[in-house]
Each structure stands twice: as structure tokens, then as C-alpha cells.
Amino acid sequence: MNITNLERISVRDIGLIALGTALYGWGLININIPNQLAEGGVSGITLILRALFGWNPAYTTLLLNIPLVFIGYRVLGRRSLIYTIWGISSLSFWLWLWQVVPTPPALDHDMLIAGLLAGFISGLGLGIVFRFGGTSGGTDIVAKITEQKLGIQIGRTMFALDAVVLIISLIYIDIVHMMYTLIASFVFAQVVNFTQQGAAYSARSFMIFTQYPEEISHAIMSELDRGTSLLKAEGGYSHIDQRVVYAVVDPSEVNMVRHIINQIDPKAFVSVFDTQEQLGEGFSYLRPKKSIFKFK
């Protein structure tokens, strides 16, 4: 198989995907199963099959994912396909190993702690897997197929499938355990998002429509030491050419930018929106420190 530079397989990625599936598998075996906490997706189906028929999740994970990989291999790139197969295989291995290796107490004396730990450990594990390009198979593949064939967003498909699996899980768990499962699911989602973003720097972006773009731009650069851009725009009604000030600042600097705008042009039209990830000089790199006291 010829792999382009963009599809090159990284040893680091392979190792970290294995680490992520190890954490995820440990949580399923040592926390979810002893405490009767359900799970979404294919992992949730394996827990249902274990509860009803005593089937080992290590084997059912592999068996359920094999047909999904064959069905979805066309929607996966070469690199993604290899990483997906590796993620499924390593997860199956860890699920088998954690059943052989002695485990710690089941934490059945405190279901809240069990739910929080289940969400944290599983979320951390899958967050690492996702961040380095892998998946654990299952609903990820189905969601990609439905997006390509039916135009349904991946997130909606995964949410719907997980909800169906959780409802079916009421076959072997009661409402109380389902409530703790929902707590685990909430923590899981937050940890996955945080782990995927890693050291991403959250910021605020400003789009400033004003009659004084030069003055506002210079004031932001001077007062905050932040770069700005002047974008060319055309009024939708007037068709008059104008320049729009674009700036990205730290959340703590939002009020300072507002003050600058109000001082220069109180009638300016301003749009402020969250920027989930901001990379580059001044955010992912150190920018010059400004002293509180200015000396001439």
C-alpha cells in the first residue's frame, strides 16, 4: 500500500492510540461492568450481550466491528482505515488483558464516584485516541457512512445511536444505574472534548464595522499589543466600499477592546464571537511582556 506524505503512519500515533484504548478498556472492565454502568455505541452493545448471554466483550468488540469496517472502508482514508483497524484490535486486546490482570475494588460502595471515574477515564482514553487520528470503530464508522450517503451530520447520528443503545441497556440495569450512567456520559463528553483540544488557546474575535478603522486598529495594537487586520468589505445596501477591523484577543481583554471602540466610534457595529482554538504568535508563542510601569 502506497501512502502519501499526508497519510504517513506515525509510530507515535500508533503508540498513543494503544495507550488511549488501554485506558478506555480499563474503565469498561474495572468500573462500568462491576458497577452496572451502561455505555453507548458498540461498547454498550457488548455490555448488553455480556449481561444477557455472558459473552466476553473482548471478542464481541472485534466481531461487531469487523463487518462495520468492511462496510465503511470506502468512506475512510487509507491512514484512517489503518488507525481504525489498529484501534479496534488494540481495544479488543486490552479488554481481554484487563480481565486477566487482577483488578482494584469495584467502587460499588459509592456509585457517584464510580460514575465520575468511569466518565473521566473513558473520556481521557478515547480523547487521546481521537486526538491522534484513531477511532474505536463502531458508531464512528456508521456516522461517517450516513453523512456521506444521507447528508446527516456525524454528531447527530452518533448521539441517536448512543441514545438507542442506552435505552436498550435498561434491559439489564435499573433507572438508578441509568442515572449514574448519564452522569458518566456527561463527564465523558467533557473530558473527550478537553483532551482533543489539548493546549488549544480559547480567545475572542472582533469584527468591527466603523468609520474610523485606522484609529481603532492602531489603538488596539498600541494598547493591547495585539495584531489586527483591515478587511475589505462592501455595504449590502449602500454598496459603499469600507474596511472592517478584525482582531483576536484574550478573553480578559474584551472589555478593553470595547472601551477603545466606545471612545473612538460609539456608533460602530461590532460582532464578538468565541474562537475555540487560536494558534500563532501571541497565543501559542510567547509575546513580548508589557510592563505595568512605562518608562521613557
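Up top is the structure.
A. Representation of the packing of aromatic side chains. On inspection of all chains with the given rule, the structure shows five aromatic pairs. Relative to W94, the ring of F93 has its centre 5.2 Å away and its plane inclined at 65°; by these criteria the two rings are edge-to-face. Centre to centre, the rings of W94 and W98 are 5.4 Å apart; their planes meet at 20°, and the pair counts as stacked. A residue pair is termed a helical-turn pair when its members lie 3 or 4 positions apart in one helix, as W94 and W98 do in helix α4 (residues 78-100) at four residues. The same class applies to W94 as to W98, namely buried. Taken together through their ring pairs, the aromatic side chains of F93, W94, W96 and W98 make up a single cluster.

B. Fine view of the environment of S43. Within the secondary structure, S43 is located in helix α2 (residues 41-53). Taking the C-alpha atoms as reference points, S43 and D162, separated by 119 residues in sequence, lie 9.9 Å from one another. In this structure, S43 is in contact with Y24 and L28, ignoring residues within four places of it in sequence.

C. Fine view of the sheet that holds strand β4 (residues 269-275). Read across the open sheet, the four strands follow the order β2-β3-β1-β4; overall the sheet is antiparallel. The sheet is open, and its two edges are formed by β2 (228-234) and β4, each paired on a single side. Averaged over all adjacent pairs, the angle separating strand axes in this sheet is 25°, with direction ignored. Note: β2 against strand β3 (residues 241-249), seven bridges, orientation antiparallel. Across the sheet, the residue bridging to L230 is V245, located in β3.

Rules behind the numbers
- Residues numbered from 1 in each chain as written.
- Predicted model: local features only at pLDDT ≥ 70, side-chain atom pairs only at ≥ 80, totals over all residues.
- Heavy atoms only, no water.
- Phe/Tyr/Trp six-rings, centres within 6.5 Å; stacked < 30°, edge-to-face > 60°.
- Helix = DSSP H or I, 4+ residues; strand = E, 2+ residues; numbered from the N terminus.
- Buried < 20%, exposed > 50% of the residue type's maximum accessible area, 1.4 Å probe, protein only.
- Contact = heavy atoms within 4.5 Å.
- Pairing = 2+ DSSP bridges.
- Axes fitted to C-alpha atoms, helices over the stretch in contact; angles between N-to-C directions.

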